[in-house]
Amino acid sequence: MTANGIEIHYEAHGDEANPPILLIMGFGAQLTLWPDELVEALANHGFRVIRYDNRDIGLSHKFDGVKAPGLVKMTLLSKIGLTPKVPYTLADMADDGAGLLDALGIAKAHVVGASMGGMIAQHFASRHADKCLSLTSIFSSTGNPKLPPAKPEALKALVTRPKTTEEEALVEHGIMLARTIGSPGYPTADERLRERTRASVRRSFYPEGPTRHLSAIVADGDRRDMLETISVPTLVLHGEDDPLVPCEGGRDTAASIRGAKLKTIPGWGHDLPLELVDELADAIADHAKANAG
């Protein structure tokens, strides 16, 4: 599907006549990281569920050959108040989502974003409020530099590349990452984790994309001033044991958006475990139904 001038790969589930929910995934993650069980649960709640690959990942458009500045340079520029020049911004990625809705002939949707996807969803609610019935921000943050950072082992696992591109090495690396940032209270069964990771690797492996994703995150900086302008009904969901984006990020998000509701869950980390699918689907669906427009 052509949206915002590029090819965006998407999947839709549920009756086309139902209210739409747009799912936006996070840093370097394909649409398949939204568990099928969660998509099905939302569809069973009476929604048309649309998930898509962000630009530069999965089966969507790749910005081959476009270089992003190094992380050290970006961080230094940000610290002295300068915005580094990056290939594209989170706002551009929000426009991708809005463009996808336009291409599908959808006037308005409930927008749900996870991690970097939550940041993109925040921009969506700010830039395209007329298209956004409600916002749900999942284990995301505000960019507030005073918030607690990720645990060192979680950040290292996220930015470290596998040593080779052989399938088994990529699968083992993916499992290591999932275990490091995942939910201590809801560990994923080994067989399921290995199966999902292998399927993801076989679907698409494109390590250049996350580099540009990361540059968009760093360049975005502190979003609190923008968040204060959001008038879209907002729900913030966050795990109390998230090692990558500590729960303070969710609390800060809720505090920065007028009228936002916050729900935190003990034992939940930076993933979407099967054991929480029903609870998360209920929370998202109840929020959406309460703000049907």
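Everything numeric here is computed off the predicted structure, so don't read it as measured data.

1. Thoughts on the confidence of the model for the protein
- Taken residue by residue, the protein gives an average pLDDT of 95. The fraction at 70 or more is 98%.
- Per-element averaging of pLDDT across the protein places helix α2 (residues 71–79) at the bottom with 69 and strand β4 (residues 20–24) at the top with 99.

2. Notes on the pairing of strand β5 (residues 48–52)
- With five of five residues buried, β5 lies mostly within the body of the structure.
- The two faces of β5 match: R48, I50 and Y52 on one face and V49 and R51 on the other face are all buried.
- Alignment of strand β3 (residues 10–13) against β5, held across four bridges, turns out to be antiparallel. Looking at β5, one finds that A12 is bridged to I50.
- Bridge count for β4 against β5 is five bridges, and the pairing is parallel.

3. Here's the deal with the environment of L170
- As for its placement among the helices and strands, L170 is situated in helix α6 (residues 167–181).
- A residue is classified by how much of its surface remains accessible, and L170, at 8% relative accessible area, is buried.
- Separated by 30 residues in sequence, L170 and S200 have C-alpha atoms that sit 9.9 Å apart.
- L170 has contacts with P162, T164, T165, T197, V201 and F205, leaving out every residue within four places of it along the chain.

4. Focus on the pattern of salt bridges
- Under the defined criterion, the tally for this structure stands at 16 salt bridges.
- In this structure, the salt-bridge partner of E172 is R194, at a minimum N-O distance of 2.7 Å. Taken together, the residues span a long stretch of sequence, with E172 in helix α6 and R194 in helix α7 (residues 190–203) at a distance of 22 residues.
- By relative accessible area, which is 38% here, E172 ends up partly exposed.
- Each member of the salt-bridge network shares a partner with another, and the members are E167, E168, R198 and R202.

5. Considerations on the packing of α6 against α7
- Running from amino to carboxyl end, α6 crosses α7 at an angle of 125°, the nearest separation of the two axes being 9 Å. When the axes of α6 and α7 are compared, the pair comes out oblique. The interaxial crossing formed by α6 with α7 has right-handed handedness. Residues E167, E168, L170, V171, E172, G174, I175, A178 and R179 of α6 lie in contact with α7, whose contacting residues are D190, L193, R194, T197, R198, V201 and R202.

6. Digging into the environment of H45
- Residue placement: H45 occurs in the loop between α1 (36–44) and β5.
- Among the residues examined, H45 registers a relative accessible area of 23% and is labelled partly exposed.
- The spacing of H45 and S231 is 186 residues in sequence and 25 Å in space, taken between C-alpha atoms.
- Sequence-distant contacts of H45, that is, excluding residues within four places in its chain, are made with A281, D282, A285 and K289.
- A polar atom in the side chain of H45 sits 2.9 Å from the side chain of D282.

7. Describing unusual backbone geometry
- The phi torsion at N4 lies on the positive side, around 55°, for a residue other than glycine.
- By the secondary structure assignment, N4 is in the loop between β1 (2–3) and β2 (6–7).
- On the basis of relative accessible area, N4 is assigned to the partly exposed category, the value being 41%.
- Unlike most non-glycine residues, D56 shows phi in positive territory, near 75°.
- On the basis of relative accessible area, D56 is assigned to the buried category, the value being 0%.

8. What about the pairing of strand β8 (residues 234–239)?
- Of all six residues in β8, six are buried; the element is thus mostly enclosed.
- By the alternation rule, side chains of β8 split into T234, V236 and H238 and L235, L237 and G239, which are all buried.
- Where strand β7 (residues 132–138) meets β8, four bridges bridge the pair, whose relative direction is parallel. If you follow I138 over to β8, its bridge partner there is L237.
- Direction of pairing for β8 relative to strand β9 (residues 261–265): parallel, over a ladder of five bridges. Paired with H238 across the bridge in β9 is T264.
- Since β8 and β9 lie parallel, the crossover through helix α10 (residues 247–256) that links them has a hand, and here it is right-handed.

9. Examining the packing of aromatic side chains
- All told, the structure shown has two aromatic pairs when counted by the stated rule.
- Over the aromatic face of Y88 sits the side chain of R55, whose NZ or CZ is 4.9 Å from the ring centroid.

10. Some thoughts on the packing of helix α3 (residues 90–103) against helix α4 (residues 116–127)
- Direction vectors running N to C along α3 and α4 enclose 70°, while the axes themselves pass 8 Å from each other. Considering the angle they form, α3 stands roughly perpendicular to α4. Contact residues: α3 offers L90, A91, M93, A94, D95, G97, A98 and L101, while α4 offers M116, M119, I120, H123, F124 and R127.
- Taken together, the residues of the contact of α3 with α4 sort by class into ten nonpolar, two polar and two charged.

Definitions and cut-offs
- Residues numbered from 1 in each chain as written.
- Predicted model: local features only at pLDDT ≥ 70, side-chain atom pairs only at ≥ 80, totals over all residues.
- Heavy atoms only, no water.
- pLDDT = per-residue confidence, 0-100.
- Helix = DSSP H or I, 4+ residues; strand = E, 2+ residues; numbered from the N terminus.
- Buried < 20%, exposed > 50% of the residue type's maximum accessible area, 1.4 Å probe, protein only.
- Pairing = 2+ DSSP bridges.
- Contact = heavy atoms within 4.5 Å.
- Salt bridge = Lys/Arg side-chain N within 4 Å of Asp/Glu carboxyl O.
- Axes fitted to C-alpha atoms, helices over the stretch in contact; angles between N-to-C directions.
- Parallel < 35°, antiparallel > 145°, perpendicular 65-115°, else oblique.
- Left-handed = near helix turned anticlockwise from the far one by under 90°.
- Polar contact = N/O pair within 3.5 Å; in protein donor to acceptor, adjacent residues only side chain to side chain.
- Right-handed = clockwise from strand over helix to strand, strands pointing away.
- Phe/Tyr/Trp six-rings, centres within 6.5 Å; stacked < 30°, edge-to-face > 60°.
- Lys NZ or Arg CZ within 6 Å of the ring centre and 35° of its normal.
- Nonpolar A, V, L, I, M, F, W, Y, C, P; charged D, E, K, R; others polar.

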